[in-house]
Amino acid sequence: MDGDGQGRRRRRRGPKRRHVVQFSLDDGEYAELEEAAARDGLSRGAYAANAALTGARCWAAGRCAAGGAP
């Protein structure tokens, strides 16, 4: 990682995503996201997209409680 906390870009896995979703985090939430993404070897955006889609798919399949928790 370089000094600003960003990792290097890697090749995309799969098709390009064309839609943008934005959300805000407090400092603690951002730190959690950054740590989890680094642990999985993903960018913050890729990690957040995967987490959002996992929650949405879980909810749609009726396997999650309210709030998206399994």
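Every value quoted in this text rests on a predicted model; they were computed, and no experiment measured them.

Q: Kindly report on the layout of surface pockets, identifying the contributing residues and their values.
A: In this structure, the second largest pocket encloses a volume near 160 Å³. In this structure, the second largest pocket is lined by Phe 23, Leu 25, Glu 29, Glu 32, Leu 33, Ala 36, Arg 39, Tyr 47, Ala 48 and Ala 51. Counting only elements with at least two residues in the lining of the second largest pocket, the list comes to α1 (27-40) and α2 (44-60). The dominant element in the lining of the second largest pocket, judged by the number of residues it contributes, is α1, at five residues.

Q: Any chance you could break down the packing of α1 against α2 for me, citing the residues and the numbers?
A: Axis separation between α1 and α2 bottoms out at 9 Å; the angle between their running directions is 95 degrees. Here α1 lies roughly perpendicular to α2, going by the angle between them. Between α1 and α2, the residues in contact are Tyr 30, Leu 33, Glu 34, Ala 36, Ala 37, Arg 39 and Asp 40 and Arg 44, Tyr 47 and Ala 48, respectively. Per-class residue counts for the contact of α1 with α2 are six nonpolar, no polar and four charged.

Q: An account of α1 is needed here, citing residue identities and associated values.
A: Helical geometry: 3.6 residues make up each α-helical turn, so side chains three or four residues apart lie on a common side. Under the 1.5 Å per step criterion, the end-to-end length of α1 is 20 Å for 14 residues, consistent within 8% with the ideal 20 Å. Looking at α1, one finds that the buried residues are Leu 33, Ala 36 and Ala 37. Viewed end-on, α1 has its buried residues packed into an arc of 100 degrees, placing them on one side of the element. Summarising the geometry of α1, the exposed residues directed more than 90 degrees from the buried face are Asp 27, Glu 35 and Arg 39.

Q: For α2, give the residues involved together with the corresponding values.
A: Across its 17 residues, α2 extends 24 Å between first and last C-alpha, which sits within 8% of the 24 Å expected from 1.5 Å per residue. All of the buried residues in α2 are Ala 48, Gly 55 and Cys 58. Projected down its long axis, α2 carries its buried residues within an arc of 100 degrees, all on one side. The outward face of α2, more than 90 degrees from its buried face, is lined by the exposed residues Arg 57 and Ala 60. Check the buried side of α2 and you find it contacts α1. One or two positions beyond α2, positive phi appears at Gly 62, with a value near 75 degrees.

Rules behind the numbers
- Residues numbered from 1 in each chain as written.
- Predicted model: local features only at pLDDT ≥ 70, side-chain atom pairs only at ≥ 80, totals over all residues.
- Heavy atoms only, no water.
- 1 Å grid on protein atoms, 1.4 Å probe; cavity = no way out; pocket = protein on both sides within 12 Å on 5 of 7 lines; lining within 4 Å.
- Points joined across faces, edges and corners; volume = space filled by probe spheres on them.
- Helix = DSSP H or I, 4+ residues; strand = E, 2+ residues; numbered from the N terminus.
- Axes fitted to C-alpha atoms, helices over the stretch in contact; angles between N-to-C directions.
- Parallel < 35°, antiparallel > 145°, perpendicular 65-115°, else oblique.
- Contact = heavy atoms within 4.5 Å.
- Nonpolar A, V, L, I, M, F, W, Y, C, P; charged D, E, K, R; others polar.
- Expected span 1.5 Å × (residues − 1).
- Buried < 20%, exposed > 50% of the residue type's maximum accessible area, 1.4 Å probe, protein only.
- Arc of directions from axis to C-beta.

Function-wise, these values are silent; they only describe arrangement.
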